[in-house]
Structure formats: C-alpha cells, structure tokens
Amino acid sequence: MPGNELEIVKFLLSRKGKIVLPHVGKVDKISTPIKNNLISEIIYPEDISLVTSDNSSKKADILLNDIGISLKQTGVSFAFNRIQRESVVSLFKLLKIKSPRKILDKLDLEVDNFHNGINSSRSRPWRNIFTLQDFTIILQYLMMKGSPNLRESSFPAQYIIEGKPKLNVNSDLKLFTFEEYLETYQDNLFVAIRRCWYGQSSKSEHNRAMSLMKKSGNTKWIYDNVSGTPKGEWRDNIAESDRKTVYYISIEKK
C-alpha cells in the first residue's frame, strides 16, 4: 500500500467494539471487499492481507458496520491516481460535464507547457482547468463512486477516513463526508502531471509507457523527445533516438 492504510485498519481492529465515529457509530464490524464482488469480515491478524487500496474497481477500502470507507493518509496523498488522456472525454461525458473538449484542450496545454519547460511545476492548480462545479462532480466520482475505465464500482465509498502516519489515539483519525473533505482541502488539491519513459530501465514504468502508447487517444501526451530524467538507467536495447516521454495525470493532495 502506498500510504498507511493498513495501519489505519490495524488501529481500528485494535479498538473494535470501543471506538465511535461520526456517521458510523460504534464500530462493531470491520470487513473488506475481495474478489468476485464478495465481502470478507476481517479477523486480525490472519485476514489483514485481504485489505488492499490499489484496486481501482473498488472505492471502499474497508467497510465499517457495512458502510463503505475510503482510507487516506494525512498529508500528501493521491485523491485519484493515473488518468490517461484516452479516458478524459468519455469520463466527462458520462458525468455530463459541459464542453469536455475545451477542458481537454486545457489539460493538453498544461502537459505541453510542462514538457517544454514553460511551467516548472508538475502540480497544476485545478482552477486553471475546471470550474468548482465541474471539479466537484469529477472528484466525487473518482474518489467515491467509480473510475474512468471500469465505471461504477460495486463498492462505493460513503465516507473518507484520514489517519496520521503514526496512530496512537482516536483523534489521530478523522472521518469526512466528501463535501467536508473538499471544503477542507480544495486549496491543497492539484492536477498532478506525471510521466514515464519508453526506454527507461524500470520494468514497470517502461511497460506503463508502452501500454499508454498503444492507445491513439493518448498521442498528444506522448513525445518523441526526452524531458526530465527517470530514476535508474536507460535500456541498452532501445536506441536513444527511440526513447519517448509519456504523460498521464493524477489528482494530488498536498
């Protein structure tokens, strides 16, 4: 898990039957979505491995008293990770966002300006691109309801729980409705421009670049020259002239 989501689950399990949360009440049951649209109650420690936060098909990482909860670490985190250009317009149309092509044009410009060094920061203010109304609709869907490719989740989240990196007392957890989360953090949310490189030594990132390159809708976020430097080395079996910089975006909270 990228954050401390597992520690939040362990903390809740250690206080099962005792901790009381807003909207949820006393936590008597802790469970998690698993494969084939099933739910498993968590018995610590043998079932803790069932909890994962990197499955985009579910929005609820756990269920408290059968209520879907998204888990986030306090501080820097991703409200939603990895949106490819190919998915943008269809997602906006699904959510009935007006003028989706114009919004995509703004995203294209932000990516191009970053690639060419016009903007030095890869974290772009969402207000450069979206109205508050549109951003609210999009973020709520991505955080609580569905994903660009898989659409509606079988396990939507009703609330968000944030936990400090180290959890000692109940007040180290905070439960939000989506509206409370957005009101609290709207000035800390950014459209994060991220890149990977075709030809970099990292197998996972090189493969991600190749996967994005296969879809024609991603072409405008694929560049035939290298911008930035990947961690690690370059692959010996791919010529320098064949290297590419490939972009996607995320919604980041700072």
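What you see is a predicted model, and the numbers here were worked out from it, not measured in a lab.

Novice: Would you mind going over the overall build of the protein chain with me for this structure?
Specialist: Broken down by element type, the protein chain carries six helices and 15 strands. For the protein chain, the C-alpha radius of gyration of 20 Å lies close to 18 Å, the compact-globule estimate for 254 residues. Its C-alpha atoms give the protein chain principal-axis dimensions of roughly 60 × 45 × 35 Å. Looking at the protein chain as a whole, 49% of its 254 residues qualify as buried. Partitioning the contacts of the protein chain with sequence separation of at least 6, the portion at a separation of at least 24 is 68%. For the protein chain, the exposed area adds up to about 13,000 Å²; of that, 48% sits on carbon and sulfur atoms.

Novice: Where do I start with the environment of Phe 78 in this structure?
Specialist: The topology assignment puts Phe 78 in strand β7 (residues 77-83). With a relative accessible area of 32%, Phe 78 lands in the partly exposed category. Between the C-alpha atom of Phe 78 and that of Pro 125, which follows or precedes it by 47 residues, the distance is 14 Å. With sequence-adjacent residues up to four places away left out, Phe 78 is seen in contact with Lys 72, Ala 192, Arg 194, Ser 250, Ile 251 and Glu 252.

Novice: What is the right way to look at the packing of helix α4 (residues 132-145) against helix α5 (residues 178-185) in this model?
Specialist: Geometry of a packed helix pair, given as the angle between the helix axes and the separation of the axes. Two elements in contact, α4 and α5, have axes whose closest approach is 11 Å; the angle formed by their N-to-C orientations is 120 degrees. Between α4 and α5, the angle falls in the class oblique. Relative to α5, the crossing made by α4 is right-handed. Side by side, α4 and α5 meet where Phe 135, Thr 136, Leu 139, Gln 140, Met 143 and Met 144 of the first sit next to Phe 178, Glu 179, Tyr 181 and Leu 182 of the second. Tallied by class, residues from the contact of α4 with α5 come to seven nonpolar, two polar and one charged.

Novice: Explanation requested: unusual backbone geometry in the structure shown.
Specialist: With the exception of glycine, most residues fall at negative phi, and the peptide bonds are largely trans. Positioned with a positive phi, Arg 82 is a non-glycine residue whose angle comes to about 65 degrees. If you trace the backbone, Arg 82 turns up in strand β7. At Lys 96, a residue that is not glycine, the phi angle is positive and equals roughly 60 degrees. Secondary-structure assignment places Lys 96 in the loop between α2 (85-94) and α3 (100-115). Overall, Lys 96 belongs to the exposed group, its relative accessible area being 72%.

Novice: What am I meant to see in the pairing of strand β3 (residues 30-34) here?
Specialist: Within β3, four of the five residues are buried, which leaves it mostly tucked inside the rest of the structure. Strand direction decides the pairing type here: β3 and strand β5 (residues 62-64), joined by two bridges, are antiparallel. Of the residues in β5, the one forming a bridge with Ile 30 is Leu 64. Of the strand pairs in this sheet, β3 and strand β4 (residues 38-41) are connected by four bridges, and their pairing is antiparallel. Bridging across to β4, Ile 34 finds its partner in Leu 38.

Novice: I tried to follow the side chain of Gln 84 on my own but got confused; where do I start?
Specialist: Relative to the elements of secondary structure, Gln 84 occurs in the loop between β7 and α2. For Gln 84, a relative accessible area of 12% gives the class buried. Excluding residues that lie within four positions of it along the chain, Gln 84 makes contacts with Asn 149, Leu 212, Lys 215, Asn 218 and Trp 221.

Novice: I keep staring at helix α1 (residues 5-14) and nothing clicks. Help me out?
Specialist: At 3.6 residues per turn, the α-helix brings residues three or four places apart onto the same side. Every buried residue of α1 is accounted for by Glu 5, Ile 8, Val 9, Phe 11, Leu 12 and Leu 13. Buried residues along α1 sit against β1 (20-21), β3, β5, β6 (67-73), β11 (159-163) and β12 (173-176).

Novice: Before we go on, may I ask you to explain the environment of Phe 130 in this structure?
Specialist: Relative to the helices and strands, Phe 130 resides in the loop between β8 (123-125) and α4. Residues Phe 130 and Leu 107, spaced 23 residues apart in sequence, show a C-alpha to C-alpha distance of 9.7 Å. For Phe 130, the contacting residues outside a window of four places in its chain are Phe 92, Ile 103, Phe 135, Ile 138 and Val 191.

Novice: Can you walk me through the pairing of β11 in this structure?
Specialist: Along any regular strand, the residues point their side chains to alternate faces of the sheet. Counted residue by residue, β11 has five buried out of five residues, so it is predominantly covered. Where β6 meets β11, five bridges bridge the pair, whose relative direction is parallel. Within β11, the residue paired with Leu 71 across the bridge is Ile 161. Looking at chain direction, β11 and β12 are connected through four bridges and run antiparallel. Residue pairing for β12: Gly 163 is matched across the bridge by Leu 173.

The rules we used
- Residues numbered from 1 in each chain as written.
- Predicted model: local features only at pLDDT ≥ 70, side-chain atom pairs only at ≥ 80, totals over all residues.
- Heavy atoms only, no water.
- Helix = DSSP H or I, 4+ residues; strand = E, 2+ residues; numbered from the N terminus.
- Rg over C-alpha atoms; globule rule 2.2 N^0.38 Å.
- Buried < 20%, exposed > 50% of the residue type's maximum accessible area, 1.4 Å probe, protein only.
- Contact = heavy atoms within 4.5 Å.
- Areas by Shrake-Rupley, 256 points an atom, 1.4 Å probe, with all protein chains shown as cover.
- Axes fitted to C-alpha atoms, helices over the stretch in contact; angles between N-to-C directions.
- Parallel < 35°, antiparallel > 145°, perpendicular 65-115°, else oblique.
- Left-handed = near helix turned anticlockwise from the far one by under 90°.
- Nonpolar A, V, L, I, M, F, W, Y, C, P; charged D, E, K, R; others polar.
- Pairing = 2+ DSSP bridges.

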